[in-house]
Amino acid sequence: SYCPAVGFDSVIARAFADLATIAKLGLRLLAPHGRLFAMKGVEPVDELARLGAIATVQAVLRLDVPGLRAQRHLVIMTKA
């Protein structure tokens, strides 16, 4: 499994799994004050509730994508 010598300031995940899995895989790649950006569709209320102590959620932003009527959200997390 990949482990960078120096953590990244930002890691971006594009809706490949639930938030808990994204957090487990992505947070370990971050520098101490880095942020994990997880792109999701509909606001992931249930997934956010299941995160528990895995991550700290800084924000959940609704995104307006031109030409797309579907919901999109960006979840910004840091290490707990």
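Right, let's walk through the structure included here. Worth saying up front: this structure is predicted, and the values here are computed from it rather than measured. (Residues numbered from 1 in each chain as written. Predicted model: local features only at pLDDT ≥ 70, side-chain atom pairs only at ≥ 80, totals over all residues. Heavy atoms only, no water.)

This brings us to the pattern of salt bridges. For the structure on display, the rule yields one salt bridge. Note that Glu47 and Lys40 form a salt bridge whose closest N and O atoms lie 3.1 Å from each other. As far as burial versus exposure is concerned, Glu47 and Lys40 are alike and both buried. (Salt bridge = Lys/Arg side-chain N within 4 Å of Asp/Glu carboxyl O. Buried < 20%, exposed > 50% of the residue type's maximum accessible area, 1.4 Å probe, protein only.)

With that out of the way, let us pick up the side chain of Thr78. Within the element layout of this structure, Thr78 appears in strand 4 (residues 72-79). The exposure class assigned to Thr78 is buried, which follows from its relative accessible area of 14%. Setting aside residues no more than four positions away along its own chain, Thr78 makes contact with Leu27, Gly34, Arg35, Ala55, Thr56 and Gln58. (Helix = DSSP H or I, 4+ residues; strand = E, 2+ residues; numbered from the N terminus. Contact = heavy atoms within 4.5 Å.)

Spatially, four strands are ordered 1-2-4-3 in an open sheet, and the strand pairing comes out mixed. A strand with exactly one partner marks an edge of an open sheet, and here the two such strands are strand 1 (8-14) and strand 3 (55-63). Going from strand to strand, the sheet's axes swing by 20° on average, the running direction of each strand aside. One ladder, built from five bridges, connects strand 2 (residues 30-40) with strand 4; its direction is antiparallel. Residue pairing across strands places Ala38 opposite Val75, the latter belonging to strand 4. (Pairing = 2+ DSSP bridges. Axes fitted to C-alpha atoms, helices over the stretch in contact; angles between N-to-C directions.)

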